Structure formats: structure tokens, C-alpha cells
Amino acid sequence: MALAQEDPAAVPAASVEGEARQDVVVVTGIRASLATALNEKRAADNLVEVIRAEDIGKLPDQNLAEVLENIPGVQITREAGVGKGVQIRGTNSNRTEINGVSTVGSGSGRGGISFEDVSAAMIAAVEVTKASEAKTIEGSVGGTINLRTIRPLDLDDRLLSVRIQGEDSSLTTDGIKPRLSGAYGDNWTTSAGEFGVVASLSYAEQDATAFRPRVDRDNFVAADGGSANAQAFNFLPIQFLIQDYDNYESETTNFSGSLEFRPTGLENMKFYFDAIVNDQERREQSSRVQASGVSDLAGTSVPDQFETVNFGSIGGQNLGSVEAAVRGVIPVQSDGSDGNLRLSGDTNSRLTDSRIFRLGTDWTLGDKLSGRVEIATATSDTKTPSINTTLNFLNPNAPTSPTYTANDNGTPFAYDLTGGRLTWGIAYDAPFAPTAADMVDPANYALQQVQLSKSKAENSEDAFRADFTYEENESFSFDFGYRFNKTTSLNDDITSNVSLSLLRDSPTGDLFADLLAPGPNNFNAADGRALYVRDFLLINPDIVASDPQRVLDTLNAAIAANNLITGSTRGPISAPTSAQAAFFDIEEKTHAWYGQANFSAGMFRGNAGLRYIQTDIASTGNTIVGGVAAPTTTEGSYDFVLPRFNLVADVRDDVVLRASWGKDIRRPDFDDLSTSYTFTTSPNPAVNLGNPGLEPQVTESFDLGAEWYFAPSAVLSVGIFQKKRTGLFVSQQENPVETPTVDANGVTQLVRDVTDPCEGGGIFNPISPRNVFAPLDPVTNLQTTSGVAGVCVPSAQLVNDPGETTQKGVEVAFQYDLSAFEDRLGWASGFGVVANYTHLSFSPGEGVWEATSRAATVFAANGATDVQLPVTEIDLSEDSYNTTLYYEKYGLSARARYTWRSAYRSEDFGSTSSYPWGFPVIQEARGQLNASINYAVNEHLNIGIEGVNLTESPVEQSCVNEGGLLCFQGLTDRRVVFGASYNF
């Protein structure tokens with residue numbers, strides 16, 4: 001494949017059709033990709049951004065989400081330090097296509113295939129459409145991402161390339177992971193016609209690790225409350241402590257193949273076939289160490305040190321300040337009860353097979369009519385096998401009361417939140433503390449919970465499209481076409497859950513010791529902390545992954561053995577069964593017609609058109625009546641007319657002005673349309689109830705932009721945009737009644753209803769332990785049955801916001817290199833820079849988030865009542881920028897990119913989807929530095945190294961408001977990828 005390319009941006013638009021220029025600049029590598037991408041952006045009649053590969057299988061980053069972060073207006077979210085979610089202009093509601101074909105995701109969302117499922121090595125270019133044309137498929141609020149592969153008949157030379165790399169993570173314990181990729185392509189002229197083929201194959205393993213400590217301080221001790229630990233001021237005690245270790249091991253295989261054929265005698269016709277195959281196994285081996293039940297000591301544990309937390313304001317109300325505990329010891333009570341140590345092993349896996357096939361033909365008839373007819377299918381089948389287990393630690397040194405029946409008892413904890421670090425561990429110097437040897441004795445552990453899953457999700461989209469262009473002359477043409485697609489989404493939660501709260505029902509670890517293994521002991525590897533839980537046991541995740549049946553058989557044998565010892569009648573752990581209340585099968589059929597006029601007159605060019613869509617939807621779920629599932633199908637339909645207009649003015653050879661206006665829709669996710677719902681094993685998160693009557697959001701977008709191409713391969717651009725959205729999806733939550741009740745220790749507990757139905761609000765969750773919401777025991781006046789399952793929990797349902805939201809933004813981009821000054825700068829002419837900055841703002845509609853009961857108590861003490869936060873866009877940063885400095889000369893290709901985004905609201909809060917204060921947490925501002933160096937040893941061999949997150953920038957999250965109460969951290973890894981590529 002020819003890598004040398006003419007710099008298209010060096011050619012003024014007015015002279016493209018004129019005389020050939022003699023001063024052609026030939027560039028390769030980074031400069032070639034930037035120049036070609038810039039020319040695509042400049043020539044487009046609508047607003048698009050393009051990133052092209054510098055070489056075969058070599059986009060700027062290993063991860064596609066991180067590739068997109070180079071584009072103005074694009075921000076990304078990460079999981080365990082790896083790019084995952086993409087926000088375009090402040091929204092997650094975007095579309096992903098491959099070669100113009102819709103993709104489907106592994107879950108119930110609408111965004112399409114996950115970027116972690118697609119190797120960047122198989123992509124030749126990434127295109128982001130920010131301003132749609134009438135022929136653009138509907139379904140995006142922010143933009144449409146199209147991943148383009150190499151086209152066989154476009155090859156100038158035979159393509160044969162291989163790349164071998166290794167990736168090392170600073171936090172992993174599993175060593176270097178391989179990355180292999182190769183591509184072949186060629187075309188031939190035969191008697192039958194021109195024939196071309198391209199195939200690429202990649203295989204990658206990745207081990208991504210993050211340490212995520214969390215501390216909840218959302219309870220309240222009043223200065224005049226009369227509790228044993230009352231101070232002269234109100235303060236927030238410790239409510240919950242967690243040490244979360246996230247580890248994801250991925251194995252991804254990608255294949256991309258294309259065939260193209262142009263028959264002899266039919267040179268105006270081309271046939272093509274594309275196949276994309278993606279298989280990913282994503283295995284989780286995470287652990288959670290929890291100090292559970294410490295809220296019972298909220299009124300007795302005395303902190304050693306406090307900090308002042310300023311909550312700022314919400315909804316026009318000043319929430320004031322309050323003192324919060326930052327250092328102290330949470331002791332064991334005299335009867336040996338809470339707090340207790342709970343240890344969970346999460347092995348949630350995702351096995352996804354994705355397939356995309358496309359068959360079509362391009363043709364031209366005469367001088368005026370051309371077209372394309374295409375059929376395509378995209379499927380994604382996902383299984384989520386897992387065995388998640390929870391153990392309770394039985395502290396042998398803690399006293400117990402005569403009425404002790406629970407399978408947990410007290411462990412003392414020390415915490416130190418000073419210096420902006422959420423550190424805690426076992427207080428080994430405190431009374432009744434266990435020893436390190438006690439912590440690794442299997443007899444001191446009791447089985448508390450087992451969750452099994454063999455759930456599956458099956459998504460597909462079959463599409464037919466016919467697109468035509470009638471070209472009257474060079475100044476006017478008309479595009480028109482039709483598209484039909486049938487989209488389906490099936491979800492079947494195949495699960496079982498066993499909760500054991502009584503000591504007599506719980507086998508101790510010595511009955512299944514062969515399954516136990518030490519938990520990760522390197523929680524200090526990221527920041528060198530001294531205080532953390534390092535000695536504990538878990539059910540071995542390697543055995544869970546390799547032999548799940550052995551785990552079940554051993555645990556059931558342990559339950560049977562324990563029954564003989566204690567006289568318990570506890571039954572065995574049953575095999576997973578379909579959760580009938582969570583099943584749904586949804587089908588959508590959409591017809592779309594469009595017409596679009598393309599024009600060019602003087603310095604003006606552009607297009608104007610309409611897209612009409614009509615959708616029928618059928619949502620099938622199970623209605624549970626008297627414990628019996630009855631399939632119920634709800635049907636609906638809607639139609640929309642979507643006008644779209646784009647105008648470009650080439651006011652000078654080097655200045656382009658743009659204006660765009662249009663409408664689009666965003667359909668609800670499939671689970672939001674379902675009549676089904678799923679329970680979790682926590683009493684905190686709301687159960688999400690589907691809404692089959694939910695209608696698509698409507699977005700009206702307006703863009704203005706100016707681009708100054710002031711030098712070859714250079715640009716300075718400024719753009720402003722506004723998006724008005726109606727029918728925004730907002731959640732309405734119904735909370736169960738929580739009755740304040742004072743227990744025997746003088747602590748006020750918020751007690752919920754534990755019977756079905758929940759007359760006071762919410763929904764009855766039969767599998768969640770009652771925990772701190774359990775009724776008080778009539779004899780002891782304490783929550784001694786907190787582990788029993790069955791409690792009323794919040795319920796939530798998405799509805800269309802009756803108000804209107806507005807997103808506004810400004811995007812600034814700059815690109816320049818010094819190659820034109822080689823005669824004066826010499827070696828320094830190899831430098832170049834690419835930078836962009838985006839500012840966003842959001843005006844909310846009528847939906848609000850409400851403070852929780854505990855949060856309301858804290859705010860009320862400062863005079864703020866009925867605190868409500870207007871619903872804003874999740875993952876929207878007001879400000880973001882990235883700057884790339886690169887050098888390319890003498891075979892050396894190097895770049896460093898720093899990316900920064902300001903604080904934003906996030907739904908990623910540790911291991912739960914609930915918000916302790918009632919509002920999505922604030923992820924604080926964060927920057928990240930990536931860099932790479934490559935050297936061309938000769939025209940065939942290239943070696944290189946790439947570093948991701950070189951500064952190991954931590955993630956910090958605050959509750960309520962930015963810079964407020966620190967409640968969660970993510971300590972991420974540094975990843976280094978090194979290797980070589982060879983082009984034959």
C-alpha cells in the first residue's frame with residue numbers, strides 16, 4: 001500500500017479543478033494522516049471530523065475510545081483506566097457504525113458495539129458526523145461515529161503487514177499481555193474484471209486493574225442529639241467503608257474482510273461484500289472488602305479528627321457546612337456485634353460474539369443517475385456467566401451476646417481520610433482485634449451469599465437500503481432513498497441467589513477450605529498507603545473460572561455437612577433459572593424515506609432535505625400474577641419528519657464558513673421499554689421499571705463554524721452549536737417509607753416495611769438482605785435479623801420530561817506543523833501540534849433528583865429543606881481540552897498528548913448504582929498524559945513503545961457538589977505497549 005500522499009490541504013479549494021500545482025508536498029506517517037483527514041473535513045458539505053491511520057493498523061491510540069478523544073467536542077469515560085464510553089458534545093446518546101452499517105451492542109443500549117470489543121488495528125479511519133444530512137441514519141443526539149476499514153480496489157500496491165506487541169500494566173500481577181495483528185490486501189485485473197480483497201486479523205489480551213476505595217459519610221450526629229459521641233457541633237460519622245479491587249482480563253479476536261469486484265464491460269458497477277467478526281471474552285476477578293454495619297455505631301464511635309465540608313448550593317439553596325469524621329477507630333461493641341467484615345469475590349464475565357455482514361452494489365446509469373443497493377445484518381450475542389460469593393469474617397476474639405445468631409460479629413476498624421486519601425483497615429491494636437493469623441484461618445469465615453448467573457442478551461438488526469443520486473449538472477444533484485430495518489433485543493436473566501444470615505445455616509470456611517485463597521494484598525501498589533486490609537480469604541476466582549461446577553458441588557457439600565453439625569435444614573444452592581420478571585423480547589420495524597438536494601453556486605455549496613421515519617414496536621414481557629408468569633405484549637408506533645440543512649461558504653481560498661440546522665431523534669434503550677424488571681441484592685438501588693409508552697427524544701441542532709486553512713496541513717477553526725431537546729428521558733423515583741426508630745443503644749434507625757406489597761411506596765425486593773433497614777427485634781430492641789432477605793426498596797421509571805433542555809457549546813481546534821521551514825529550522829522542522837478546546841453548558845428541564853432521607857436530615861440542620869437537583873446530562877464536562885505535540889523526521893515518529901476535562905456528574909460510584917446523597921456523584925477534574933515513540937528501522941520494519949496514563953492520574957469523586965465531600969477514589973494503572981511492525 002502506498003504510504004506517501006500528496007498534502008491535499010495544501011491545495012486551495014478554488015484550484016482543485018484547475019491547473020496542477022508544481023509545489024506538491026509529499027508527507028508520510030502522522031503528517032499524511034492529519035493532512036488527508038483535514039482535507040476530508042474541508043471538502044465535506046456537512047460538519048465531520050476524521051482521524052486516519054498513520055500506517056496499516058496504526059491509529060493514534062490502541063483503544064478506539066481514546067482515539068476519539070483527539071476530536072474536538074469528544075470526551076471519554078474510563079473503566080479501570082481503559083477508555084470505554086464516548087460523549088460527543090456532552091452526551092452519551094450517539095450511534096456507532098462500521099462502514100456505514102448500524103452496529104448493535106452487547107446490552108440493551110442504542111449506542112452500538114462497545115469500543116472495547118473492536119480492535120483499533122482493523123480500522124483505517126474514524127469519522128464523526130456532528131451535523132447530519134437527510135441521508136444520515138437517525139438515532140443520535142451528539143453525533144454518529146463511523147469506523148471505516150480499508151477498501152480493496154483503493155489499494156495502490158499489495159498490502160502485507162504484521163504487528164507484534166506486548167502490554168504491561170503497573171498494577172497487574174499477571175505480566176505482559178500479547179497483541180498480534182496482521183493485514184493482507186491486493187487487487188488484480190482479470191478477464192472477468194477488477195477483483196480486490198482485504199483481510200485483517202487481530203488478537204489481543206489485556207489485564208486492566210484499578211483500586212477503588214470508598215467511604216460513605218451520609219449519616220448525622222446532632223450536637224444536641226444526646227448520643228454517646230455527641231460533640232459541641234453537628235458532624236457526619238462513618239457510615240460505610242469499602243476496599244474495591246477491580247480486575248478485568250480481556251481476550252479479544254477481531255476479523256475484518258472485504259471483497260470488491262468490478263466486472264469487465266460494466267465498469268460503472270461494483271459489487272462488494274464485507275464481514276466483521278468480533279469475539280471477546282471479558283473475565284472479571286474483582287474483590288470487595290467491606291466494613292459493613294458500622295452505621296450501628298454512628299452514635300457511639302468517637303472520631304479523633306474532623307474536617308469542615310462545604311456543600312455549596314443546589315437548586316438555589318445554600319446547603320451550608322458541616323464537620324465530618326476523618327480519623328478514628330470504630331470499636332467492637334461489648335456484645336461483639338457490628339461493625340463486621342464482609343468479603344466478596346465478583347467474577348462477572350461477559351462473553352460477546354458480534355457479527356456484521358454487508359452485501360451490495362454501487363452503479364452508475366448514464367451520465368446522471370447513480371445508486372447503491374445494500375443489505376446488511378448485525379448481531380451481538382452475549383452471555384454473562386458468573387459465580388459471585390460473599391463471606392463474613394467471624395472474629396474469634398470478639399465477645400458475643402447470649403442471643404447471638406448472626407453469621408457475622410464485630411471487628412474493629414481504623415480509618416484515616418486525611419491528605420485526600422480514603423484509607424482504612426483493621427485496627428489491630430484495638431480491643432478484641434483479630435490477629436493476622438486469624439484473618440487467614442478458614443474456620444473464621446462463614447458463607448453469607450452466593451449469586452449465580454448464566455444470563456444472556458441477543459441483539460440484532462437486519463437492514464435493506466437503496467440510495468440514489470440524480471445529478472443534473474455540476475451545480476445541482478438530488479439524493480433520495482429508502483431504508484428498512486428490523487431491530488430486536490432479547491434479555492433473559494438466568495440467575496439464582498442464596499442469602500445466609502444465620503450462623504446455624506452458614507457453613508464455615510473449614511468445610512470448603514480447598515476453595516479458599518488469599519485475596520489481593522497489593523492494594524497499596526498505586527499510592528503506597530499503609531492502612532488497608534491485606535490479609536483475608538476469598539473463594540478462589542481461578543477455580544470459579546476454570547471449574548464452576550466444582551465450586552457449586554463443594555459449597556453444597558459444605559451446606560450438607562453444616563446441616564449435620566448444627567441441625568439446620570438449609571437446602572442446597574440451586575441451579576440458575578430464568579427470572580421471569582426480568583425477561584423481555586422487543587422488536588422494532590422502521591421504514592425511512594429521504595430526499596436531499598445538493599447545490600453549488602459561486603462560493604456557496606451545501607444540501608437541504610427531509611427524512612421521514614415510521615416505527616412500529618412490540619414489547620413482550622412477563623406479567624407475574626399470583627406467582628405465575630403470563631406473557632404480555634405491548635404495541636406502539638410513532639413517526640417523525642426530520643428536516644436537515646447544511647450550508648458551506650468558501651469565502652476565500654483558505655477560509656470556509658459553515659452553518660447547519662436539523663432534527664434527530666434518540667430512541668429509548670430497550671430495557672427502558674420493557675415491562676420487566678430485575679432485583680439486586682442490595683436494598684439501596686432503585687428497581688428500574690420499564691415504560692413501554694416511552695417516546696423518543698427529539699433534538700433540534702444548530703451549528704455555526706469558521707475554518708481558516710492558513711498554511712499547508714494547518715487549520716484554526718471555531719464552531720458554536722446549540723441543541724434543544726424535548727422529551728428528555730428522566731427518572732421518577734418512588735421511595736419506600738422509612739420510619740425513624742430508636743434502638744437499645746440510643747441510635748436512630750430508619751426502618752422500612754418488610755412485607756409485600758409496599759403500601760408506603762417502592763417495590764418489594766425478595767432477594768435483598770434487609771441490612772440496616774430491618775425492623776428491631778422485639779426482645780433485644782436491636783437489628784439482629786439484618787441479614788434476612790426481603791425488604792421494600794425504591795422503584796424508578798423513566799418518563800419523558802415535559803420541559804425542554806438546551807445544550808450549548810464552543811469548539812476551538814488548531815493544527816500546524818513546521819515542515820515548510822526545513823531549510824531554516826533543519827531538524828526542528830519535524831515538530832507539529834494539534835490542539836482543541838471545548839466549552840459546554842446545559843440548561844435542565846423539569847426533572848429533579850431528590851435528597852435521600854439521611855441527606856435531608858443533614859441539610860435541614862443547616863436550614864435547607866426539600867433539596868432538589870435539576871436533572872442534568874450525565875458525563876458532561878463544561879470544559880475539556882487536549883494538546884498533542886508530535887515530532888516526525890529521520891524515521892522517528894513521536895507524540896505526547898495531554899487530555900483534561902473538568903468535573904462532571906457520574907453514575908459510576910464504586911460497586912453500586914445508588915447514590916448515598918440522592919444525586920449522581922461529581923467526578924472531579926482530571927488530566928491524563930499519553931505518549932509514544934516509533935522508529936522506522938528501514939522501509940519495512942518499525943519499532944515503538946507507547947505509554948498510557950504515564951502520570952497514573954487518580955480518579956476522585958465527591959458527593960453532593962464539586963470539591964465537596966470526598967467519597968470515592970479510583971487509583972488507576974500505567975499501561976505500556978511495546979513492539980514492532982513489518983510491512984512486506
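Structural data are supplied above this passage.
Attention here is on the structure that accompanies the text.

So, how was this worked out
Residues numbered from 1 in each chain as written. Predicted model: local features only at pLDDT ≥ 70, side-chain atom pairs only at ≥ 80, totals over all residues. Heavy atoms only, no water. Helix = DSSP H or I, 4+ residues; strand = E, 2+ residues; numbered from the N terminus. Rg over C-alpha atoms; globule rule 2.2 N^0.38 Å. Buried < 20%, exposed > 50% of the residue type's maximum accessible area, 1.4 Å probe, protein only. Contact = heavy atoms within 4.5 Å. Areas by Shrake-Rupley, 256 points an atom, 1.4 Å probe, with all protein chains shown as cover. Polar contact = N/O pair within 3.5 Å; in protein donor to acceptor, adjacent residues only side chain to side chain. Pairing = 2+ DSSP bridges. Axes fitted to C-alpha atoms, helices over the stretch in contact; angles between N-to-C directions. Salt bridge = Lys/Arg side-chain N within 4 Å of Asp/Glu carboxyl O. Disulfide = S-S within 2.5 Å. Phe/Tyr/Trp six-rings, centres within 6.5 Å; stacked < 30°, edge-to-face > 60°.

Another point: the overall build of the protein. For the protein, the count of helices and strands is eight helices and 57 strands. Rg of the C-alpha trace for the protein: 30 Å, near the compact-globule value of 30 Å for 984 residues, within the 12% margin. In terms of principal-axis extent, the alpha carbons of the protein reach across some 95 × 60 × 55 Å. The buried share of the protein, reckoned over its 984 residues, is 57%. Here the contacts in the protein between residues at least 6 apart in sequence split such that 73% fall between residues at least 24 apart. Accessible area of the protein: about 37,900 Å², with a carbon and sulfur share of 54%.

Structurally, the position occupied by D467 is in strand β26 (residues 445–473). Within polar-contact distance, the side chain of D467 engages the side chain of R465 at 2.9 Å. Setting aside residues no more than four positions away along its own chain, D467 makes contact with S370, G371, R372, F480, G481 and Y594.

A word on the sheet that holds strand β44 (residues 795–800). Across the sheet, three strands lie side by side as β36-β44-β39; this open sheet has mixed pairing. On the outer flanks of this sheet lie β36 (687–689) and β39 (729–734), each paired with one strand and no other. Neighbour-to-neighbour, the strand axes of the sheet open up by a mean angle of 35 degrees, direction not taken into account. Bridge count for β39 against β44 is six bridges, and the pairing is antiparallel.

Moving on, we come to the pattern of salt bridges. Side chains that differ in charge, positive against negative, can pair when their charged atoms come close. In this structure the tally under the stated criterion is 63 salt bridges. Among the ionic pairs, D61 bridges to R897, the shortest N-O distance being 3.0 Å. With a gap of 836 residues between them, D61 in the loop between β3 (48–52) and α2 (64–68) and R897 in strand β50 (residues 892–901) connect regions that are remote in the sequence. The two residues D61 and R897 agree in class, both being buried. In this structure, the salt-bridge partner of D117 is R350, at a minimum N-O distance of 3.0 Å. Here R350 lies in strand β22 (residues 350–365) and D117 lies in the loop between β7 (101–102) and β8 (125–129), a separation of 233 residues in the sequence. Each member of the pair, D117 as well as R350, carries the same accessibility label: buried. Taken together, the shared-partner salt bridges connect K41, E49, R89, K130, R658, D703, E707 and E811 into one network.

Let us now look at the state of the cysteines. Simply put, the disulfide is a covalent bond whose two ends are the sulfur atoms of two cysteines. Within the structure shown, the criterion is met by two disulfides. Paired by a disulfide, C758 and C792 hold their sulfur atoms 2.0 Å apart. Handedness here is read from the sign of the S-S torsion; for C758 and C792, about -100 degrees, the answer is left-handed. Here C758, found in the loop between β41 (748–752) and β42 (763–769), pairs with C792, found in strand β43 (residues 789–793); they are 34 residues apart in sequence, far enough to count as distant. Classification of C758 by relative accessible area gives buried; the value is 11%. For C792, a relative accessible area of 1% translates into the label buried. Here the protein pairs its bonded cysteines, counted in sequence order, in the arrangement 1-2, 3-4.

What follows deals with the packing of aromatic side chains. This structure, assessed with the given rule, holds 27 aromatic pairs. Ring centres 5.3 Å apart and planes at 50 degrees place the aromatic pair F311 and W917 in the tilted group. You can see F311 sitting in the loop between β17 (305–310) and β18 (313–314) and its partner W917 sitting in the loop between β51 (904–906) and β52 (921–923), a full 606 residues away along the chain. For the residue pair F311 and W917, the accessibility class agrees, reading buried in each case. Judged by centre distance (5.7 Å) and plane angle (75 degrees), the rings of F413 and W424 are edge-to-face.

Just geometry here; none of it tells us what the structure is for.
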